[in-house]
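Inside the fold
Listed below, chain by chain, are the residues.
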Amino acid sequence: MRKGVKSIETKHYEERDSFFDGLRKMDRRGFMRLAGLSAGIAAGKGLLTPQSFQLISVAEAATPSAKPKFSFAYISDSHLYREDLNDRFVRSLTRAVDDVNRLDPQPDFVLYGGDLAQLGQKEELDLGRQILKSLKAPVKMMVGEHDWFLDMGEHWRTLFGEPQYSFDHKGVHFVTLMSVNEKDFWTARGMTPMERMQTVAGLDNGLQSRFEVGTAGREWLKADLAKVDKNTPLVVFSHSPLYKYYKQWNFWTDDADEVQAILKPFKNVTVIHGHTHQMLSNQIANISFHGLLSTAWPWPYAPEGLPSLTVPMNRPDPFSAFDGCGDGRIDVLEAGLADKLYNLWDRDPVTVKASYLTSNGKQDRPPASRLPPY
């Protein structure tokens, strides 16, 4: 290379360093303009949303101009170990809590989407509860398999109550399902509680059964919805996706078809699920599905079965602990539909509107990454 002539790679890194140096010096107004949040969020109610925060809204109509009736935030899949074993996941959850607490106005409540702990140990769940107590808004908890299978939910119930419950809020009926039940694979093998927990935590081990809501859970759901008018907007929280995505990794709910049939009579249904740690969008009949990001790590996309309406994230940067992770907010609209803004950490935000799902991708398609998906 001739003296004084910079390589393309050197120029690339100099430009990148200059760009991020500019971001560090940028004031909040400049950042909001760059991120494109002013039109999508601040214009409606003057709402300033941190970059790591996501939104889901239930709107008056599935149109870009629909205004949110109310909003709730979410944090999900923190997978806490004891702090002396892994403080990075603790810092990630703390960062998400700080994001939510900075919102002005505050959300009506915060959904925790499951997998607070990694191995379901008392110390892990207690640590998560202590961190979440710092949230200003009320918290609605959902259980994940990592929280459950060490002691079959005994300590979870002590801290947070029953894993299935419902509530009504501003004309919307909310249901939280326990969707990570499994058939008994451990007794015949003589497994200890920790062996059972570690087996469930291994998504592709081939030993465990698939997740399910189960007969008792479906009967509970039928009884709960029997008293709800079919025109009432319905939002369902489920840790595992209530459809069959990828069986080998247990990105799957075995009785999803039966649960969907219970939800089918309702005019507008939105399902918010955790577990998959990725941007994920799906529409089945009258049901819109939105996946949640994790604060711990992003899962790769499955090699087959990805819902056609999903606009995939690109591969995470292995040198950035937070890339591909995040948290969020959900704006609930009058029609019972949901606009979801993914504000990923260290990335630009991405909005998935209700109109994109209900039009089967014909309207308001989110921008796709120009980089390879992971």
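See the structure above.
Nothing here was measured: the structure is a model prediction, and the numbers come from that model.

Bringing the overall build of the protein into the picture now. When helices and strands are tallied, the protein shows 11 helices and 13 strands. Taken across its 374 residues, the protein has 55% of its residues classed as buried. A separation of at least 24 residues holds for 74% of the contacts in the protein among residues at least 6 apart in sequence. A total accessible area of about 16,700 Å² is found for the protein, and carbon and sulfur atoms account for 51% of it.

As judged from the four bridges shared by strand β9 (residues 281–284) and strand β10 (residues 287–291), these two strands associate in the antiparallel manner. When the sheet's bridge partners are listed, Ile-284 is paired in β10 with Ile-287. Here β9 folds back onto β10 in antiparallel fashion, the turn holding two residues, of which Ala-285 has a positive phi close to 55°.

Asp-104 connects to Pro-105 through a cis peptide bond whose omega is 10°. Mapped onto the elements of the fold, Pro-105 is located in the loop between α4 (87–102) and β3 (110–112). Of note, Met-152 is a non-glycine position whose phi angle comes to about 55°, a positive value. Here Met-152 shows up in the loop between α6 (145–148) and α7 (154–160). Residue classification places Met-152 among the partly exposed residues on the basis of a relative accessible area of 30%. For Asn-360, which is not glycine, the phi torsion reads 55° and is therefore positive. If you trace the backbone, Asn-360 turns up in the segment after α11 (354–358).

Here we take up the packing of helix α9 (residues 214–225) against helix α10 (residues 256–263). Where α9 contacts α10, the two axes come as close as 10 Å, and the packing angle between them is 10°. By the angle between their axes, α9 is roughly parallel relative to α10. Where α9 abuts α10, its residues Arg-218, Leu-221, Lys-222 and Leu-225 lie against Glu-258, Val-259, Ile-262 and Leu-263. For the contact of α9 with α10, the per-class residue count stands at five nonpolar, no polar and three charged.

Core analysis: the largest hydrophobic core is formed by 51 residues, its most contacted members being Phe-72, Phe-174, Val-236, Phe-237 and Leu-263. Ignoring any residue separated from it by four or fewer positions in sequence, one finds Val-236 in contact with Val-175, Leu-177, Leu-242, Leu-263, Val-269, Thr-270, Val-271 and Ile-272. Of all hydrophobic cores here, the second largest spans 40 residues; its members include Ile-75, Leu-93, Trp-186 and Trp-345.

The topology assignment puts Asn-286 in the loop between β9 and β10. Asn-286 gets classed as buried once you look at its relative accessible area, which sits at 18%. Within the structure, Asn-286 has its side chain in polar contact with the backbone oxygen of Lys-264 (distance 3.3 Å). Setting aside its immediate chain neighbours within four residues, Asn-286 contacts Leu-263, Lys-264, Phe-266, Lys-267 and Val-269.

Procedures and definitions
Residues numbered from 1 in each chain as written. Predicted model: local features only at pLDDT ≥ 70, side-chain atom pairs only at ≥ 80, totals over all residues. Heavy atoms only, no water. Helix = DSSP H or I, 4+ residues; strand = E, 2+ residues; numbered from the N terminus. Buried < 20%, exposed > 50% of the residue type's maximum accessible area, 1.4 Å probe, protein only. Contact = heavy atoms within 4.5 Å. Areas by Shrake-Rupley, 256 points an atom, 1.4 Å probe, with all protein chains shown as cover. Pairing = 2+ DSSP bridges. Axes fitted to C-alpha atoms, helices over the stretch in contact; angles between N-to-C directions. Parallel < 35°, antiparallel > 145°, perpendicular 65-115°, else oblique. Nonpolar A, V, L, I, M, F, W, Y, C, P; charged D, E, K, R; others polar. Core = buried A, V, L, I, M, F, W, Y, C linked by side-chain atoms within 4.5 Å. Polar contact = N/O pair within 3.5 Å; in protein donor to acceptor, adjacent residues only side chain to side chain.

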